[in-house]
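# Notes for the structure review
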Amino acid sequence: MSVDEITTRLRQLIPRKRILTDEDECRLYDCDGLTLHRGVTPGVLLLENENEVVEVVKVFSASGVPFVARGAGTGLSGGAVPLEGAWVLDVHRMRRIIEMNPLARTAVIEPGVINLDLDKAASVHGLRFAPDPSSQRACTVGGNIAENSGGPHCFLHGMTTRHILSVRTVLSDGTVLDLDRDDGGIDWRGAFIGSEGTFGITVRATVRLIPRPQCVRTFLISYRSLEASCEAVASIIARGLRPAALEILDRATIQAVEAS
Ligand SMILES: Cc1cc2nc3c(=O)[nH]c(=O)nc-3n(C[C@H](O)[C@H](O)[C@H](O)COP(=O)(O)OP(=O)(O)OC[C@H]3O[C@@H](n4cnc5c(N)ncnc54)[C@H](O)[C@@H]3O)c2cc1C
């Protein structure tokens, strides 16, 4: 099916202004944070709700045209790169926090919610969303789920998969599936998280929130060598101490930061 034919069908489903086929506009979507790998997409769809995702996926499925999901495009694995003429299904506009339940310490969110926005919303209730990739100001929770992202605090609290209770996903034929943590049997939720969008598109998720720490102590320690600092990390862990985060900066990095 030609790009024009696909575009005509898509226009029956979503407004024209959210279907980008201009070459220059599409070029913005040719890579993710890893700019070494690029693809060319014939079109980008800016999707705003679950129903739109389902309906456009059905169009692509029926016509055999490839597509790829995209959140904020900060990924470093090339997962959102459009290969073999794939259309880009951009879900970053689906950014509603649908429900916040401080008592149950859960939130129900759309996939385009920015990681830091979720954490800020939770902080009002003394809670936090633990996965904190360094890109958290920009990356989406849908992207975190697809990449099973980590961050400095995942040392103590675990990767994204530990903080996702359920995922609603749209499969490649448009079927909507709810994957729950407590289903029993095969942990499809666990298999889905980290699959880089290859199993389906997340359209909703229930996330686990944890209490914010009552106080935070930060220590800065300098060592004579990188080896000595690594040994310190090993002995901290060996003694069963569980710091919230540990970060090592080598001399070259410190100098680069100070010079910047
Ligand atoms: C400066 C910087 C720092 C970073 N620091 C970290 C870090 O500390 N830890 C870490 O783990 N990563 C880090 N990353 C990588 C990246 O930010 C994470 O992988 C992040 O989770 C990607 O989110 P995104 O919304 O940008 O996803 P995108 O880049 O848009 O997509 C990433 C993958 O997820 C898929 N995807 C996106 N949304 C959906 C959806 N709704 N349904 C299904 N699949 C979807 C895409 O197809 C693609 O395969 C960093 C990146 C940068 C640029």
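Below you will find a few notes about this structure. (Residues numbered from 1 in each chain as written. Predicted model: local features only at pLDDT ≥ 70, side-chain atom pairs only at ≥ 80, totals over all residues. Heavy atoms only, no water.)

## Let's talk about the site of the ligand
Lining the immediate surroundings of the ligand are 30 residues, of which Ala69, Thr74, Ser135, Thr140 and Ser149 lie closest. Take Gly79: an N or O atom from its main chain is 3.3 Å from an oxygen atom of the ligand. The contact in question runs from a nitrogen atom of the ligand to an N or O atom on the backbone of Gly150, over 2.9 Å. When the ligand is considered free in solution it has 970 Å² of accessible area, and contact with the protein chains removes 83% of it. When residues of the shell around the ligand are assigned to their parent elements, the largest contribution, five residues, is made by helix α5 (residues 141-147). (Near = heavy atom within 4 Å. Polar contact = N/O pair within 3.5 Å; in protein donor to acceptor, adjacent residues only side chain to side chain. Areas by Shrake-Rupley, 256 points an atom, 1.4 Å probe, with all protein chains shown as cover. Helix = DSSP H or I, 4+ residues; strand = E, 2+ residues; numbered from the N terminus.)

## Some thoughts on unusual backbone geometry
One non-glycine residue, Glu84, adopts positive backbone phi at about 50°. Residue placement: Glu84 occurs in the loop between β3 (67-70) and β4 (87-90). With a phi close to 55°, Arg105 is a non-glycine residue in the positive phi region. Residue placement: Arg105 occurs in the loop between β5 (97-101) and β6 (106-109).

## Section: the nonpolar core
General note: in soluble globular proteins, nonpolar side chains tend to be found buried as a group. If you look at the biggest cluster of nonpolar residues, it comprises 20 residues, and the most contacted ones within it are Leu10, Leu45, Val53, Phe60, Trp87 and Leu89. Counting residues per element, the ones that place at least two in this core are α1 (3-11), α3 (50-63), β4 and β10 (201-208). Take this core: its biggest share by element is six residues, from α3. What Phe60 contacts, discounting residues up to four positions off in sequence, is Ile6, Leu10, Leu45, Val65, Phe67, Trp87 and Leu89. Residues Ile109, Leu127, Ile164 and Val207 belong to the second largest nonpolar core, which totals 17 residues. (Core = buried A, V, L, I, M, F, W, Y, C linked by side-chain atoms within 4.5 Å. Buried < 20%, exposed > 50% of the residue type's maximum accessible area, 1.4 Å probe, protein only. Contact = heavy atoms within 4.5 Å.)

## Here we look at the packing of aromatic side chains
Under the criterion given, the structure shown has two aromatic pairs. In this structure an aromatic cluster arises from ring pairing among Phe60, Phe67 and Trp87. (Phe/Tyr/Trp six-rings, centres within 6.5 Å; stacked < 30°, edge-to-face > 60°.)

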